[in-house]
Amino acid sequence: MNSIIFTAGARILVALLLVFSLFMLLRGHHLPGGGFIGGLIGAIAFIVYALACGSAEARTALRVSPEGLAMVGLGVALLAGLVSFVFGDPFFTGQWYWVGGDSYETAAFSINSVLVFDIGVYLVVLGGILSIAFAFEEET
Amino acid sequence: METLTALIIGVLVAASVYLMLARNFMRFLFGLILLSNAANLTIFASGRMTPGAPALVPYGEDTPLGVVGNALPQALVLTAIVIGFGLLAFTLALAFEAYRRLRTMDSDKMRYAEPKEERE
Amino acid sequence: MAEHSDANAPWVNLAGMATVALTAALFAFFLQYLPVVAAGSPVQWSWNWIPSLQINLSFWLDGLSLMFALLITGIGAFVMLYAARYLAGHPQYNRFALYLFSFMLSMLGLVLADNLIAIFVFWELTTFTSYLLIGFSHTDPKSRRNALQALLLTAAGGLALLAGFILIGVTQGTFEMSELNAAGSMAEQPYYLGILILVLLGAFTKSAQVPFHFWLPNAMAAPTPVSAYLHSATMVKGGVYLLARMHPSLSGTDVWVWVLTIFGAVTAVFASFMALRQIDLKQTLAYTTLMALGTLVMFLAGSTGYAITAAMTFLIVHSLYKACLFLTIGVIDHATGTRDADVLGGLARAMPITAMMALLAGLAMAGIPPFLGFIAKEVAYAGGLSMALTVFVVLMSLAAFALMFAVAAIVAYRPFFGPQGALPRKPHEGPWPMLIGPATLAVLGLLAGLMPGVTAYYLVEPAVAAVMSAPDTGGRLKLWAGFNLPLVLSLATFALGFVLYWFHQDLRALLARIEARGPNLDAGWDRMLERFMDFAKLQTRVIQTGVMHQYLFATFTVLALAIVVPMVLRPVGGMTLTFAGLSFLEWGIGFLICAGTVLVLLTSSRIVALTGLGVVGIGVALIFIVYSAPDVAITQLLVELLVVVLLAVALLKMPHLDPDNRQVHRPMDAILALVVGGLTAAVLLLVVETPFDRRLTDFFEGASWMEAFGRNIVNVILVDFRTLDTFGEIAVVIIAALGAFALLKGGLKRGAEGEAEKEDSK
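Residues numbered from 1 in each chain as written. Chains lettered and ligands numbered in written order. Predicted model: local features only at pLDDT ≥ 70, side-chain atom pairs only at ≥ 80, totals over all residues. Heavy atoms only, no water.

## Comments concerning the overall build of chain A
For chain A, the count of helices and strands is 5 helices and 2 strands. For chain A, the α and β elements follow one another from N to C terminus as α-α-α-α-β-β-α. Projected onto the principal axes, the alpha-carbon positions of chain A cover approximately 55 × 30 × 20 Å. Contacts in chain A between residues at least 24 apart in sequence constitute 58% of all its contacts with a sequence separation of at least 6. (Helix = DSSP H or I, 4+ residues; strand = E, 2+ residues; numbered from the N terminus. Contact = heavy atoms within 4.5 Å.)

## A look at the interface of chain A and chain B
The interface is formed by 10 residues belonging to chain A together with 11 residues belonging to chain B. Taken over both partners, the interface formed by chain A and chain B buries close to 940 Å², and the fraction arising from carbon and sulfur atoms is 84%. The interface formed by chain A and chain B contains 0 residue pairs in polar contact (both at pLDDT 80 or more). Per-class residue counts for the side of chain A that touches chain B are 7 nonpolar, 2 polar and 1 charged. (Buried area = accessible area lost by both parts, 1.4 Å probe. Polar contact = N/O pair within 3.5 Å; in protein donor to acceptor, adjacent residues only side chain to side chain. Nonpolar A, V, L, I, M, F, W, Y, C, P; charged D, E, K, R; others polar.)

## Some details on the nonpolar core
General note: in soluble globular proteins, nonpolar side chains tend to be found buried as a group. Of all hydrophobic cores here, the largest spans 196 residues; its most connected members are C:F165, C:L300 and C:M312. If one sorts the elements of this core by residue count, helix α15 (residues 305–336) of chain C sits on top with 20 residues. The contact partners of C:L300, leaving out residues within four places of it in the chain, are C:V240, C:L243, C:A244, C:H247, C:W256, C:L260, C:I308, C:A311, C:M312 and C:V467. The next biggest cluster of nonpolar side chains, apart from the first, holds 141 residues, and it includes B:F25, B:L29, B:A53 and C:A560. (Core = buried A, V, L, I, M, F, W, Y, C linked by side-chain atoms within 4.5 Å. Buried < 20%, exposed > 50% of the residue type's maximum accessible area, 1.4 Å probe, protein only.)

## What to know about the pattern of salt bridges
Taken as a whole and judged by the stated rule, the model has 16 salt bridges over all chains. By sharing partners, the salt bridges in this structure join A:R59, A:E138 and C:K745 into a single network. (Salt bridge = Lys/Arg side-chain N within 4 Å of Asp/Glu carboxyl O.)

## Some words on the packing of aromatic side chains
Under the counting rule described, the total for this entry stands at 26 aromatic pairs over all chains. Residues A:F92 and A:F117 carry aromatic rings whose centres are separated by 5.5 Å and whose planes lie at 80° to one another, so their mutual orientation is edge-to-face. Linking A:F92 in the loop between α4 (66–86) and β1 (96–99) with A:F117 in helix α5 (residues 113–139), this pair joins segments that are 25 residues apart in sequence. For the pair A:F92 and A:F117, one class covers both residues: buried. Connected via pairs of aromatic rings, a cluster forms that spans C:F29, C:F30, C:Y33 and C:W45. A cation over an aromatic ring shows up here: C:R711 above the ring of C:W705, its NZ or CZ 3.8 Å from the ring centre. (Phe/Tyr/Trp six-rings, centres within 6.5 Å; stacked < 30°, edge-to-face > 60°. Lys NZ or Arg CZ within 6 Å of the ring centre and 35° of its normal.)

## With respect to the pairing of strand β1 (residues 43–50) of chain C
Residues and elements named next belong to chain C. With 7 bridges connecting them, β1 and strand β2 (residues 55–61) associate as antiparallel partners. In the sheet register, W45 faces β2, and the bridge partner there is F59. Connecting the antiparallel pair β1 and β2 is a turn made up of 4 residues, with Q54 showing a positive phi of about 60°. (Pairing = 2+ DSSP bridges.)

## Digging into helix α1 (residues 2–20) of chain B
The terminal C-alpha atoms of α1(B), which comprises 19 residues, lie 26 Å apart, in line with the 27 Å expected from a rise of 1.5 Å per residue. With 17 of 19 residues buried, α1(B) is to be regarded as a mostly interior element. (Expected span 1.5 Å × (residues − 1).)

## Side note on helix α1 (residues 4–27) of chain A
Its 24 residues give α1(A) an end-to-end C-alpha distance of 35 Å, which sits within 8% of 34 Å, the value for a rise of 1.5 Å per residue. The sharpest bend along α1(A) measures roughly 30° and falls at A:A10. Those residues of α1(A) that fall on the buried side of the exposure criterion are A:A10, A:V14, A:L17, A:S21, A:M24 and A:L25. Where α1(A) is buried, its residues touch α2 (35–53) and α5 of chain A together with α27 (630–651) of chain C. (Bend = angle between axes of the 7 residues up to and from the residue.)

## Overview of the side chain of C:S207
All names here are of chain C. Here S207 shows up in the loop between α8 (192–206) and α9 (215–218). At 3.1 Å, the side chain of S207 and the backbone nitrogen of V240 are in polar contact. Apart from the residues lying within four places of it in its own chain, the contact partners of S207 are V236, K237, G238, G239, V240 and L293.

## Points about the interface of chain C and chain B
Quite often, the size of an interface is put as the accessible area lost when its parts meet. Contacts between the two partners involve 106 residues from chain C and, on the opposite side, 91 residues from chain B. Buried surface at the junction of chain C and chain B, summed over both partners, amounts to about 8,900 Å²; 75% is from carbon and sulfur atoms. Between the two partners, chain C and chain B, sit 18 residue pairs in polar contact (both at pLDDT 80 or more). With 13 residues, helix α28 (residues 667–689) of chain C is the single largest residue contributor to the side of chain C that touches chain B.

## Structural notes on the packing of helix α3 (residues 63–86) of chain C against α15(C)
All names here are of chain C. Put simply, α3 and α15 touch, their axes get as near as 11 Å, and they point 5° apart. With respect to their mutual orientation, α3 and α15 come out roughly parallel. Residues L64, M67, F68, L71, I75, V79, Y82 and Y86 of α3 touch α15, and the partners they reach there are M312, L315, I316, S319, A323, L327, G330, V331, D333 and H334. In the contact of α3 with α15, the residues fall into 14 nonpolar, 3 polar and 1 charged. (Axes fitted to C-alpha atoms, helices over the stretch in contact; angles between N-to-C directions. Parallel < 35°, antiparallel > 145°, perpendicular 65-115°, else oblique.)

## Here's the deal with the side chain of C:H504
Here C:H504 shows up in helix α22 (residues 504–517). Sequence-distant contacts of C:H504, defined by excluding residues within four places in its chain, comprise C:L276, C:I410 and C:R414.

## Remarks on the packing of α4(A) against helix α31 (residues 723–744) of chain C
In the contact formed by α4(A) and α31(C), the axes pass within 11 Å of each other and the chain directions differ by 165°. Classified by the interaxial angle, the pair formed by α4(A) and α31(C) is roughly antiparallel. Pair α4(A) / α31(C) crosses with left-handed handedness. Contacts from A:E67, A:A70, A:M71, A:L74, A:A77 and A:L78 of α4(A) reach α31(C) at C:F727, C:I730, C:A731, C:I734, C:L738 and C:F741. (Left-handed = near helix turned anticlockwise from the far one by under 90°.)

## As for the confidence of the model for chain B
Across chain B, the average pLDDT comes to 86, with 92% of residues at 70 or higher. Within chain B, α1(B) carries the highest mean pLDDT (93), whereas helix α3 (residues 71–102) of chain B carries the lowest (89). (pLDDT = per-residue confidence, 0-100.)

## Quick notes on a nonpolar patch on the surface
Residues and elements named next belong to chain C. Residues V443, L444, L447, L450, M451, V454, Y457 and Y458 make up a contiguous nonpolar surface patch of roughly 670 Å² in combined accessible area. Elements that contribute at least two residues to the nonpolar patch include exactly α19 (432–450) and α20 (452–468). Among the elements that make up the nonpolar patch, the one with the highest residue count is α19 (4 residues). By the element assignment, Y457 lies in helix α20. (Patch = residues over 30% accessible without salt bridge, like charges linked within 9 Å, V, L, I, M, F, W, Y side chains within 5 Å. Areas by Shrake-Rupley, 256 points an atom, 1.4 Å probe, with all protein chains shown as cover.)

## Observations concerning unusual backbone geometry
Here the amide bond leading from C:V210 into C:P211 is cis, since omega sits at 5°, within 30 degrees of zero. Mapped onto the fold, C:P211 is located in the loop between α8 and α9. Note that the residue after C:P369, namely C:P370, is joined by a cis bond; omega there is 5°. Mapped onto the elements, C:P370 comes out in the loop between α16 (352–366) and α17 (372–386). Positive phi values are uncommon outside glycine, yet A:R63 reaches one of about 70°. Within the secondary structure, A:R63 sits in the loop between α3 (55–62) and α4. Given the relative accessible area of 76%, A:R63 is considered exposed. Of note, C:S628 is a non-glycine position whose phi angle comes to about 65°, a positive value. Residue C:S628 is classed as buried on the basis of its relative accessible area, which comes to 2%.

Okay, structure coming up:
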């Protein structure tokens, strides 16, 4: 796939897809989306890039190894579960901290372990699928 | 729609069983893909099917309005799809490596782990 | 011996000293409970473990468990110190220290646990850790074989034990030992006999009662410190501990009395003769351990104060002198390079301290006053006189104790003062870390005998009270109990023992001849294992043909049967096919999926098959879209995209589906496929006929916003309500990814490719 148009277009497409993947991740709690979907879109973004410019280029663009990313994601997800122990709740109980108020109605926004967990899912899916895809790209 | 879905699932399962029984390992893979689709549909349909009402709580409400799609099987299917992909990728890698090493896709000839000689 | 190390190697290292210090600290910790427990108030610690199954991690420290805890940690600390020097410079010493320490903790857990399931878990942990210890010299096939024998035999007993425990828990409604004992005897319970047999199977295998005795002498393949620890003071006493622990619940019936008395007595006497027959001193000691275990089991058959006191006192005495003697044999072996009873002699001059402590331990073993061994023997005779089957018990005790007297002389007197043979090495005194333990234990045996009141108050009486589940009257441990029948029996023991020692070499030859004619259980065990392996091979040949088609055909056939048989046996309601109200769109989706499927089925082209799969995937996604599952639909579409990309990359590098472009038709497979497909559809149709249970769905819809602050219920289920589930699933994604990664980038490549080339060249 050595088309110049595809290569040039891919860069813009990848950027858009990545932003879109984050958008899907963040809106997931209230509208269709979430870590799984966001992670899949992010993975597809890098796979498009790898198809256009080669997987070496895509690896460079990712900066970190996809396997490492997936492991970090798993760690983040686990951390989101462990936080509940600090507050004396059972494992993986969602923890909410309201910024600028004391409930959902009054707070400006919230910091919560649920989103942290979803970010972990996002990273695992992104890293896991990319490590598979890159391996296939390179070894087959 | 449950009736039609059940029949579709029947077709998918029958096809996947036939494919998985083939000697060619690639056909087995195709069967696996169809089977995971069938399994996902089965879980989905068992939770009953509601058209046109996603399981969302509208803004300003505390609970969904009216009858909405059953969210639990959806959540289960969602992860099952992603895991199914992982399984497929692993099996594909297995098939690819097997081919690279053994130079065959015929599962009857893949006797690396269970050589014929030892069975005598 | 290969197990020894370089005598000049440094022996102080972190692993060794840390385990010694920790074990000693535990000993001190338990020591502080002595006055509390002696005053009659047990200590309890408890944590919930699996509350829904009534399994708690609860610990119960009463007289019995405290006595065991002190023996385990006290002897343990000395043994670990000894081992540090004994195995100094051994390349795997750190591993050894870890095994030994883990064993100590498991054993401690076993005697402290109150919950039956926890007892079982610790019980099996001691089995596993002892397996590692017995097989420590793993380069020696005999060592591995003996370790496996011990593992299989004691683990099998452990399983019987688990069955017994579950039976107890189910019938009695609790798994807590303290509650069971407080509730009194289970003799009237309907399942008493079953429970008793299962528990006894566990206890008898662990404590090596005849006919399960043969693993214990074989376990001497372990390094000497292990034998000293496991096979004198701790692991083998696990079974005895269990019998003592469950005494209040299970004892008192005729079955209990007869079974324990007979098995114990036979083990004791058989083992004493076998001890006399051995030439290897370590083997001699192994058999005397068997003798002690038999004696303990025999006395636990009784329920009288004297019988239980005899068991508890003898248990302490035996632990002290046996650990000491084992360690002494280790020192001798270390110094002279042999353990042959006929060769060793006259070592007292070169090894005065070793000789001294061996003599002390030997006197305790022989039961000479004023050692605790003497008191134990006196109480034992008194106990025997108080028990059922009096004459039998007393005579068997007399035989066993007299034989022990002779063995004590062989082990503790002859190597030091007897005639010297040709030693492989010039003997020298052992290093202090290997002497301090046995010396302390030997002196303790003497002190405990000189102060019977203290021993009784702090150790024996609380233990007896725990076993009898009633306060102990005490006052049974005396150096001088007056001129009575036990004293006469004691004197008879000495006389008989002396005669036996005098003729022991002739006796040994005679016993060897008898042994050669008797059944060999050890060889029988090997034959049994061989039969077992043959059966496994046969089964493998029949079931595992190595043909994937056969495996899958069998699997799908079983699946079909599993659906059909219940349907036939329990006729189900009818199913209705409703196609009313289906729109053009829905029919279209159905058609799309079926068309894609048919395409995949019929084609011989990889690209066409790929297209067909894509069509099916998109059709399924359309169903999700139409039926209110946007999240699932998006995921399905994205994954479908990835599948197509991945398959396109990989498939084109692989060969054609059908080399000659003609697909083989397989009518049998087609029939099975149609049956399985049809049955799946039928099952689903039946499922949707049943009324739908909305409870879970209602909960999620109600709680999604109110409790979890999320409006997308599917996402809330994934990341809040069922987070642990999702966590497991993303872990699976990682495992699959790493698996695929490892396969493709694999490190095994070279070897396997060589194999493939070989295949090619054929």
